[in-house]
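# Summary of structural features
Listed here are the chains, written in short residue letters.
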Amino acid sequence: MSWNPTQNPDCPDRQGLESIETLIIPRARDLGGFEVRRALPAPRRQMVGPFIFFDQMGPAEFLTGGGIDVRPHPHIGLATVTYLYQGAFQHRDSTGADQMVHPGEVNWMIAGKGVTHSERTSEAMRKQPGSLFGIQTWVALPEQAEDRDASFEHHGKEALPFLEDGGKQVRLILGAAWGARAPVKTFTETFYADVVLAPGASLPLPDDHEDRGVYVVEGGILVAGDSFPAGRMMVFRPGDRISLKAGEAGARLMVLGGETMNGPRYISWNFVASSQERIDAAKQAWAQGDWQHGRFQLPPGDDGEFIPLPDQLR
């Protein structure tokens, strides 16, 4: 989820397959019956293009009355990307946005200099058993966008480019690739897509982006004859021509990448910034809790509670 508990993936040494620069094996963490696997940031790889955080949420099943309750919490210096395969939840934020997100749609929240949001299973959906399965990522903002006002966009399934050919189905969520461009406003060249491959089908990665990576959500793929199962992220060497081939069971993938940032980013709790001073100022503002006149306001309609700044960060 977009709230960031501590969780570090593994990056084992990769012998052979010279085109793979980093192999990342996310560690699973149980957040009260809800499993999350975090691929980014990793010990040897902070970002892939502008992507600085990558979580697989679920799959999870909920009994009637159950669901997720991520209380209001803050962000700076990033944009959150929420994309679901199963289920739905309600996003509310301090810009006034109140939006359900369903499979195949995208919620894009630009934090800029500061935003607060919550993610919860809606009251209507709690009236019956439910499920949740999806990916949430953070995209680091370039320095010129760090001080902008927060904003929110939602794009329905029909608004996102959908490409289909030869056993390949590709829904472009962000950026530009394979001759298509998604409608989401981005600040650097990037690409992010949901890919479904039939058994034996192949997908060439776009070769016009500086950084490129793939996360195997379901099934498995072959790269240069080596197989990689679900729950693996591979980051490829710039400039190499890469083709991903689905295994016998087919595959579902998230492919991602783009222009690298002009330097590493500082990341602490839910904050991302180009300097430690920006992080420290955001921590102080959130700890003060001045919701009426301070830097952060709680989301309208969900302002009865919030996630406090962890004691170790004060």
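Residues numbered from 1 in each chain as written. Predicted model: local features only at pLDDT ≥ 70, side-chain atom pairs only at ≥ 80, totals over all residues. Heavy atoms only, no water.

In the nomenclature of an unreviewed UniProt entry, the protein corresponds to Pirin family protein from the organism Paracoccus simplex. Under the UniProt heading Sequence similarities (unreviewed entry), the entry covering the protein gives this text: "Belongs to the pirin family." (UniProt positions renumbered as here; feature names shortened; annotations may be inferred.)

## Focus: the pattern of salt bridges
Under the criterion given, the structure shown has 16 salt bridges. Of the charged contacts, one joins arginine 45 and aspartate 211 as a salt bridge, the two residues approaching to 2.8 Å between their closest N and O atoms. On the criterion of sequence distance, the pair formed by arginine 45 in the loop between strand E3 (35–40) and strand E4 (51–62) and aspartate 211 in strand E18 (residues 211–223) is long-range, its members being 166 residues apart. Note that arginine 181 and glutamate 189 form a salt bridge whose closest N and O atoms lie 3.8 Å from each other. Owing to a relative accessible area of 40%, glutamate 189 belongs among the partly exposed residues under this scheme. Taken together, the shared-partner salt bridges connect Asp69, Arg92, Arg120, Arg126, Asp302 and Glu305 into one network. (Salt bridge = Lys/Arg side-chain N within 4 Å of Asp/Glu carboxyl O. Helix = DSSP H or I, 4+ residues; strand = E, 2+ residues; numbered from the N terminus. Buried < 20%, exposed > 50% of the residue type's maximum accessible area, 1.4 Å probe, protein only.)

## A few points about helix H1 (residues 276–288)
Compared with the 18 Å implied by 1.5 Å per residue over 13 residues, the 19 Å span of H1 between its first and last C-alpha is a close match. Buried within H1 are the following residues: Ile279, Ala282, Lys283, Ala285 and Trp286. All buried residues of H1 project into a common sector of 165° when viewed along the axis, lining one side. Opposite its buried face, H1 presents the exposed residues Glu277 and Gln288, each directed more than 90 degrees away. The inward-facing, buried residues of H1 contact strand E5 (69–75), strand E10 (115–120), strand E22 (266–268) and strand E23 (271–273). Glycine 289, located one to two residues past H1, shows a positive phi value of around 65°. (Expected span 1.5 Å × (residues − 1). Arc of directions from axis to C-beta. Contact = heavy atoms within 4.5 Å.)

## Notes on the nonpolar core
One recurring pattern in soluble globular proteins is that nonpolar side chains are buried together. Phe54, Leu174, Tyr192 and Met254 are the most contacted members of the largest nonpolar core, which totals 30 residues. With four residues, strand E6 (residues 78–86) is the largest single contributor of residues to this core. Residues contacting tyrosine 192, with those up to four places away along its chain left out, are Phe51, Phe54, Val81, Ile135, Thr137, Arg171, Leu172, Ile173, Leu174, Met254, Val255 and Leu256. Among the nonpolar cores identified, the runner-up in size contains 27 residues, and Leu23, Leu203, Val214 and Val216 belong to it. (Core = buried A, V, L, I, M, F, W, Y, C linked by side-chain atoms within 4.5 Å.)

## Regarding the sheet that holds strand E8 (residues 98–101)
Here four strands make up an open sheet; going across it, the order is E5-E10-E7-E8 and the pairing antiparallel. The sheet terminates laterally at E5 and E8, the two strands that pair on one side only. Strand-to-strand twist in this sheet, taken as the mean axis angle between neighbours without regard to direction, amounts to 20°. With four bridges joining them, strand E7 (residues 89–93) and E10 adopt antiparallel strand pairing. Its bridge partner lying in E10, arginine 92 is registered against serine 118. (Pairing = 2+ DSSP bridges. Axes fitted to C-alpha atoms, helices over the stretch in contact; angles between N-to-C directions.)

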